[in-house]
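# An overview of the molecular structure
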Amino acid sequence: QVQLVESGGGLVQAGDSLRLSCAASGRTFSSYAMGWFRQAPGKEREFVAAISRSGTRTHYGDSVKGRFTISRDNAKNTVSLQMNSLKPEDTAVYYCAACDTGIMQYTIVVDLGRYDFWGQGTQVTVSS
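What counts as what
- Residues numbered from 1 in each chain as written.
- Predicted model: local features only at pLDDT ≥ 70, side-chain atom pairs only at ≥ 80, totals over all residues.
- Heavy atoms only, no water.
- Core = buried A, V, L, I, M, F, W, Y, C linked by side-chain atoms within 4.5 Å.
- Buried < 20%, exposed > 50% of the residue type's maximum accessible area, 1.4 Å probe, protein only.
- Helix = DSSP H or I, 4+ residues; strand = E, 2+ residues; numbered from the N terminus.
- Contact = heavy atoms within 4.5 Å.
- Pairing = 2+ DSSP bridges.
- Axes fitted to C-alpha atoms, helices over the stretch in contact; angles between N-to-C directions.

Residues Leu-4, Trp-36, Leu-81, Met-83 and Tyr-94 are the most contacted members of the largest nonpolar core, which totals 30 residues. Listing elements by their share of this core, those giving two or more residues are strand E1 (2-7), strand E3 (18-26), strand E4 (32-39), strand E5 (46-51), strand E7 (68-73), strand E8 (78-83), strand E9 (92-100) and strand E11 (122-127). Apart from the residues lying within four places of it in its own chain, the contact partners of Met-83 are Asp-16, Ser-17, Leu-18, Leu-20, Arg-67, Phe-68, Tyr-94 and Val-124. Among the nonpolar cores identified, the runner-up in size contains 9 residues, and Phe-37, Ala-50, Val-109 and Tyr-115 belong to it.

This is the structure:
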């Protein structure tokens, strides 16, 4: 079991930057591949970024590639999402999630259905 708490959301203008953090507690954080997802009103939850247990592999959704960066600090039990050049279409509730990939240290997980634990979400609003 792992508990996830996101922070860092807020209201920003287009072109600004924002950094989201997700703090994990419970079972060993390094046992989990991590991901960020987002959900805008009236839309399905969509994949944003993922990082392997070791932190050596990352993957991004097409809409954020080149603007967002996912990272993790296994010593501090945190995963972060640096968001640059924000656009109004980035407005959504952002969720972090954890996936137990067993012995696979380098696996990244894109499918939200494979994630075992979710945070409560943090709102990001980008005004034009």
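Let us now look at the sheet that holds E8. With antiparallel pairing, 4 strands are arranged side by side in an open sheet as E1-E3-E8-E7. In the strand order of this sheet, the two ends are held by E1 and E7, each with one partner. Ignoring strand direction, the axes of neighbouring strands in this sheet form an average angle of 15 degrees. Here E1 pairs with E3 via 6 bridges, running antiparallel. Bridge pairing in E3 links Gln-3 to Ser-25.

Time to look at the pairing of E5. Among the 6 residues that make up E5, 5 are buried, leaving the element largely enclosed by the rest of the structure. Both E4 and E5 contribute to a ladder of 5 bridges, which runs antiparallel. Paired with Gly-35 across the strands is Ala-50, a residue of E5. Between the antiparallel neighbours E4 and E5 lie 6 residues, among them Gly-42 with a positive phi of about 75 degrees. In this structure, the hairpin formed by E5 and strand E6 (residues 58-60) is closed by a connection of 6 residues, where Gly-55 is found at a positive phi of approximately 85 degrees.

Purely geometric numbers; function is a separate question.
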